[in-house]
Structure formats: structure tokens, C-alpha cells
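Listed below, chain by chain, are the residues.
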Amino acid sequence: MQSVVRRVIVAAATGFVAFLITNLTDQPLIWQLTLSAFLGGVALVVQFLIDFEQRIEGVERGLREHGDRMTALIERRMTGVSQVVDLFEQTSNREELIEFFRNAVQIGPEARLRYDFAHGEIRRMSRLLKELGNGHVSYPAEENEWLLSLTRAARDTIDATSLPSVDAGTQGYEDGFWESEPGLRYLESQQDAVGRGVRIRRIFVLNRSIASDDASLRAVCRQHTAVGVEVRVLPSDLLPSVPPSTVTDFILFDNEVCYQVATISRMDPRGDGRPTIVGTQLVLRDDMVSEHRNHFEQFWDAAQIVPDQDAQPTA
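Heads up: these notes are all about the structure in this document. All figures in this text were calculated on a predicted structure; none of them were measured in a lab.

1. Focus: the overall build of the protein chain
Link 1 in the chain: When helices and strands are tallied, the protein chain shows nine helices and seven strands.
Link 2 in the chain: Long-range contacts, defined as pairs at least 24 residues apart, comprise 70% of the intrachain contacts of the protein chain with a sequence gap of at least 6.
Link 3 in the chain: Carbon and sulfur atoms form 57% of the exposed surface of the protein chain, whose accessible area is close to 20200 Å².

Quick look at the structure:
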């Protein structure tokens with residue numbers, strides 16, 4: 001309304017000025033009125049034309065900006081689509097990835113706790129995949145799910161060393177790892193692996209506190225041979241001449257991935273004396289995996305069969 005009133009005032013003022021000029025020149029009244037009305041109308045039309053031109057320019061500017069935004073959006077989307085297509089072309093398990101994404105988007109933000117939990121797991125998995133690509137994966141605690149997943153994925157061999165500092169308990173092997181729920185699940189996974197043709201060898205590297213004829217050790221060996229695992233024991237006095245740092249608890253899967261843990265002794269005098277696992281590592285570098293493989297073969301050649309012959313399968 002203000003714009004319309006302003007235009008009318010400007011047109012009326014133009015007509016009034018024209019009337020005054022024609023009146024001063026002693027023009028006939030009819031010409032005074034006609035010229036005043038004409039110039040007022042011209043002023044009004046000119047204002048409308050100027051306003052219309054400004055509106056057209058605004059519309060054109062808005063269309064250009066909108067077009068630029070849409071172009072940038074389409075380019076970003078097309079770039080994303082191109083990257084996804086390239087990634088899908090590089091993988092052989094497209095159906096699993098599609099199912100993963102489909103299940104992920106089904107959890108909406110309205111279910112806040114489930115949504116945050118799911119996306120936290122996605123971020124954790126993303127970090128794991130990145131570390132796997134870099135050749136070294138670590139976790140600041142014990143990670144038994146990696147152990148079970150690698151056992152289920154193994155195709156040819158699983159070679160492992162077992163140290164009392166990791167697998168034994170306070171009374172030999174009676175209350176150690178192999179009697180725990182993760183240990184029993186691991187044994188079950190090994191049995192399944194043997195059933196599909198995987199050769200599994202385990203060396204129990206002993207220290208002075210556990211003798212090769214220890215009853216709990218023989219029981220654990222029988223437990224392993226019952227599921228098809230080849231077992232040998234390696235007393236400390238038979239260890240090959242290798243650096244002490246190489247005598248670690250590790251598991252080689254298909255001579256490609258090495259799973260190992262780091263432990264410390266508990267400082268609490270009221271504790272049960274069991275070691276605490278403070279980290280888990282997946283070693284993927286070829287040179288380090290090859291080094292572990294060579295050490296295992298040295299240990300295996302130096303190790304002995306279990307004194308209880310019933311616990312050792314026929315060679």
C-alpha cells in the first residue's frame with residue numbers, strides 16, 4: 001500500500017507541476033488539464049515499469065542463485081553416487097553391504113538410545129576397518145570376539161602358543177582361560193574349524209611353576225586333542241636360543257594374521273594372582289607375521305609330546 005500511495009503522490013505532483021507550467025504560459029485550460037493528466041500518467045507508468053524491471057531482475061537473480069545451488073547439490077550427489085558405485089565395484093560381497101546399509105537406516109533418530117548405540121558401533125567398525133588397512137590393529141583390553149571371528153574365518157592353519165601367564169590360573173590350568181566361558185567358546189570354534197579341514201597346532205610353553213606332567217596341563221591337553229587340536233609342550237629349559245621378547249602368547253591364522261595379547265601382573269596383594277590382559281593386537285605386516293611363523297616352527301620342533309600319551313593324537 002505504501003508503494004502504491006507513493007506512486008500516486010509522485011504522479012499527482014508531476015501533473016500539478018505540469019499544470020502550473022502550462023498555466024504560466026497562458027495555455028488554454030483544456031491543454032493545461034490534458035498535458036497535466038498525460039504527464040502524471042506517464043510518471044505513474046514509468047514508476048510501474050521501473051518497479052517491474054527491478055522485480056524481473058530480482059527473479060532472475062534468485063533463479064541464478066537457485067540454479068547454482070541445485071547444480072552444486074547435484075554435483076555433490078553425483079560425486080557421492082560415483083564413489084559408492086566405485087566402492088561397490090571393488091567388493092565381492094555387495095549383497096552383505098546392501099543388507100548392512102538397509103538395516104542401518106531402519107533405526108531412526110526417534111529411538112534415541114538405539115540410534116546412538118548403532119552409530120557408535122558403526123564408528124567403531126569404521127575405525128577397525130581403517131586400522132586393518134593400515135596393517136596394525138589394537139584394542140585396550142581383551143577382545144575375544146576377534147579371536148572367535150578369526151577362528152571362524154581361518155581356511156588352512158591355526159598355529160598358537162599358550163603361556164601360563166595368559167592362560168593359566170592360580171592353580172595351574174584348572175581355573176584358567178580354558179575353563180572360562182570365552183575359552184570354551186574358543187574350543188568349540190576350533191572344533192568347527194577342524195571339521196572343515198583346518199590344521200590347528202598349539203604349543204603350551206611352560207615355566208618353572210608348571211611341570212610337563214602337571215595334572216591340570218594334561219587335562220587341558222586332553223581337552224584340546226578331543227576336538228582335533230595337535231598339542232605339544234615346551235618346557236622353559238628346552239626353549240630355542242631366541243630373544244626373550246619373542247616368547248609371547250600369539251596365534252597365527254593362515255600365516256596371514258597374528259593375534260596376540262599383552263598382560264601385566266596385578267599389584268593388589270589381596271588379588272588372586274591372575275594376570276590382567278591390558279591389550280589385544282592384530283599384526284598384519286608380512287615381515288612381522290613371517291617372524292612369528294619362524295619362531296613358532298622353531299618352538300614346535302623343540303617341543304615335546306604330552307607325557308600322557310592318551311592326550312596326543314597319533315602322528
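Structure's up, so let's keep going.
2. Remarks on the packing of aromatic side chains
Link 1 in the chain: Evaluation of the coordinates by the stated rule reveals three aromatic pairs.
Link 2 in the chain: The interplanar angle of 75° and the centroid separation of 5.0 Å between the aromatic rings of Phe177 and Trp178 together place this pair among those described as edge-to-face.
Link 3 in the chain: Trp178 gets classed as buried once you look at its relative accessible area, which sits at 1%.
Link 4 in the chain: The interplanar angle of 20° and the centroid separation of 6.0 Å between the aromatic rings of Phe296 and Trp300 together place this pair among those described as stacked. Taken together, the residues span about one helical turn, with Phe296 and Trp300 both in helix H9 (residues 286-302) at a distance of four residues. With respect to burial, Phe296 and Trp300 carry one shared label: buried.
Link 5 in the chain: Over the ring of Trp300 we find Arg201; its NZ or CZ atom is 5.1 Å from the centre of that ring.

3. With respect to the pairing of strand E5 (residues 250-253)
Link 1 in the chain: Side-chain alternation along E5 places Phe250 and Leu252 on one buried face and Ile251 and Phe253 on a second face that is also buried.
Link 2 in the chain: Both strand E2 (residues 157-162) and E5 contribute to a ladder of three bridges, which runs antiparallel. Pairing of Ile158 across the sheet is with Phe253, part of E5.

4. Focus on the pairing of E2
If a strand is regular, its side chains alternate between the two faces of the sheet.
Link 1 in the chain: Burial analysis of E2 places five of its six residues in the buried class, which makes it a mostly covered element.
Link 2 in the chain: As judged from the six bridges shared by E2 and strand E3 (residues 199-205), these two strands associate in the parallel manner. Within E3, the position partnered with Ala160 by the bridge is Arg202.

Scoring rules and cut-offs
- Residues numbered from 1 in each chain as written.
- Predicted model: local features only at pLDDT ≥ 70, side-chain atom pairs only at ≥ 80, totals over all residues.
- Heavy atoms only, no water.
- Helix = DSSP H or I, 4+ residues; strand = E, 2+ residues; numbered from the N terminus.
- Contact = heavy atoms within 4.5 Å.
- Areas by Shrake-Rupley, 256 points an atom, 1.4 Å probe, with all protein chains shown as cover.
- Phe/Tyr/Trp six-rings, centres within 6.5 Å; stacked < 30°, edge-to-face > 60°.
- Buried < 20%, exposed > 50% of the residue type's maximum accessible area, 1.4 Å probe, protein only.
- Lys NZ or Arg CZ within 6 Å of the ring centre and 35° of its normal.
- Pairing = 2+ DSSP bridges.

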